[in-house]
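# Examining the three-dimensional arrangement
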Amino acid sequence: MDCIFCKIASGQIPSEKVYESQKILAFKDINPVAPEHILIIPKKHISNIEDLAVDDSEDIAELIFAAKEIAREHALSDKGYRLIINNGRAAGQEVFHLHMHIIGGKEYLGPMIAK
Ligand code: AMP
Ligand code: ZN
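In this report, the structure presented in the accompanying data block is examined. Along each chain, residue indices are assigned from 1 in the same order as the chain's sequence is written. In the order they appear in the text, chains get letters beginning with A and ligands get numbers beginning with 1. Confidence filtering applies because this is a predicted model: local features only for residues at pLDDT of at least 70, side-chain atom pairs given and counted only at 80 or more, and all residues used for totals across whole chains, interfaces and linings. The side-chain values count all of the structure's non-hydrogen atoms but skip hydrogen atoms and water molecules.

## What about the overall build of the protein?
In terms of helices and strands, the protein carries two helices and five strands. Strands are runs of DSSP state E lasting at least two residues, helices are runs of H or I lasting at least four, and both sets are numbered from the N terminus onward. Along its sequence from the N terminus, the protein presents helices and strands in the succession α-β-β-β-α-β-β. Taking 115 residues into account, the globule formula puts the C-alpha radius of gyration at 13 Å, and the protein, at 14 Å, falls close to it. By its C-alpha atoms, the protein is 40 × 30 × 30 Å across when sized along the principal axes. Type-normalised accessible area, obtained with a 1.4 Å probe on protein chains alone, sets the label of each residue: buried when under 20%, exposed when over 50%, and partly exposed for intermediate values. In the protein, which comprises 115 residues, the share counted as buried stands at 38%. Partitioning the contacts of the protein with sequence separation of at least 6, the portion at a separation of at least 24 is 55%. Surface accessibility in these figures is a Shrake-Rupley result with a 1.4 Å probe; residues are shielded only by whichever protein chains are displayed. Counting every atom, the protein has about 6900 Å² of accessible surface; 53% of that belongs to carbon and sulfur. Restricting the calculation to C-alpha atoms gives the radius of gyration, and the globule rule supplies 2.2 Å times the number of residues raised to the power 0.38. In this description, contact between two residues means that some pair of their heavy atoms is separated by no more than 4.5 Å.

Below is the structure:
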């Protein structure tokens, strides 16, 4: 499948990894919008939330707990950070492999930043 995040998950395309487990991978966003901008993906190809099945529940739970752990490792836990999933074209989803943005490291990120 011609999916850039599947290729990152399989190692075909390099990434700056920050966390990896059997089901989940996290890597730095190539075009950061804040000092800390990390993407977390399930290794399994899921296009977005609309494509989620009940069987994916463990992956999604792990994604959230990984975000919490990554935030801690990047000293964001106390300061605060955003977790964003762009879902579908109207939301600005560019890569159709489910991913959650972790964005932090700015004192105030604004009420409605795009990413
Ligand atoms: P979204 O608009 O939610 O689909 O976000 C896609 C994100 O993927 C953007 O923030 C891009 O900067 C990021 N991105 C695209 N290609 C890569 C890549 N090869 N490595 C890391 N991040 C990427
Ligand atoms: Zn994919």
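## Topic: helix 2 (residues 57-73)
Expected span of a helix, by definition, is 1.5 Å for each gap between consecutive residues, and there is one gap fewer than residues. Taking 1.5 Å of rise per residue, the 17 residues of helix 2 would be expected to cover 24 Å, and the 24 Å separating its terminal C-alpha atoms lies within 8% of that figure. Each element contacted by the buried residues of helix 2 is listed here: strand 1 (17-20), strand 2 (24-28), strand 3 (36-42), strand 4 (81-84) and strand 5 (100-104). Alanine 75 lies just past helix 2 and shows a positive phi near 60 degrees.

## Remarks on unusual backbone geometry
Most peptide bonds take the trans configuration, and most residues that are not glycine carry a negative phi. We note that alanine 75 has phi near 60 degrees; this positive angle belongs to a residue other than glycine. Turning to its location among the elements, alanine 75 is positioned in the loop between helix 2 and strand 4.

## Here's the deal with the site of ligand 1
Around ligand 1 sit 17 residues, and of these Asp29, Gly92, Glu94, His99 and His101 come closest. Note that an oxygen atom of ligand 1 is positioned 3.0 Å from one of the side-chain N or O atoms of asparagine 86. Throughout this description, a polar contact denotes any pair of N or O atoms lying within 3.5 Å of each other; where both atoms belong to protein, one of them has to be capable of donating a hydrogen while the other can accept it, and for residues adjacent in sequence the pair is counted only when both atoms sit in side chains. Between ligand 1 and histidine 99 there is a distance of 2.7 Å, counted from an oxygen atom to a side-chain nitrogen or oxygen. Expressed as a share of its isolated accessible area of 510 Å², the protein-covered part of ligand 1 is 90%. Counting residues per element, the ones that place at least two in the shell around ligand 1 are helix 1 (4-10) and strand 2. The biggest single contributor to the shell around ligand 1 is helix 1, with three residues. Polar here means any residue other than Ala, Val, Leu, Ile, Met, Phe, Trp, Tyr, Cys and Pro, which are nonpolar, and Asp, Glu, Lys and Arg, which are charged; Gly is therefore polar. Looking at the shell around ligand 1 residue by residue, the class counts come to seven nonpolar, six polar and four charged. Put simply, a residue is near a molecule or strand once any heavy atom of it comes within 4 Å of that molecule or strand.

## As for the coordination of the zinc ion (ligand 2)
Reference values for angles at a metal are 109.5 degrees in the four-donor tetrahedral case and 90 or 180 degrees in the six-donor octahedral case. Here a donor is any nitrogen, oxygen or sulfur atom (N, O, S) within 2.8 Å of the metal, with 3.2 Å used for Na, K and Ca; water is not among the atoms considered, so some sites may look incomplete. The coordination sphere of the zinc ion (ligand 2) contains the protein donors Cys3 (SG), Cys6 (SG), His45 (ND1) and His97 (ND1), at a distance range of 2.0 to 2.3 Å. Read in sequence order, the donor residues coordinating the zinc ion (ligand 2) give the pattern C-x2-C-x38-H-x51-H. Taken together, the residues span a long stretch of sequence, with cysteine 3 in the segment before helix 1 and histidine 45 in the loop between strand 3 and helix 2 at a distance of 42 residues. Given a relative accessible area of 6%, cysteine 3 falls into the buried group.

## What to know about the sheet that holds strand 1
Strand pairing is assigned whenever DSSP detects at least two bridges linking the two strands. In spatial order, the strands read 1-2-3-5-4; together these five strands make up an open sheet with antiparallel pairing. Either end of the sheet is taken by a strand with one partner, and the two such strands are strand 1 and strand 4. Adjacent strand axes in the sheet meet at a mean angle of 20 degrees when their direction is disregarded. Bridging between strand 3 and strand 5 involves five bridges; their strand directions are antiparallel. Angles shown run from 0 to 180 degrees and are taken between the N-to-C directions of axes, each axis being a line fitted to C-alpha atoms and, for helices, limited to the stretch in contact.

## Overview of the environment of cysteine 6
Position of cysteine 6 among the secondary structure elements: in helix 1. For the pair cysteine 6 and tyrosine 108, spaced 102 residues apart in sequence, the C-alpha to C-alpha distance is 33 Å. Leaving out residues up to four positions away in the same chain, cysteine 6 has contacts with His45 and His97.

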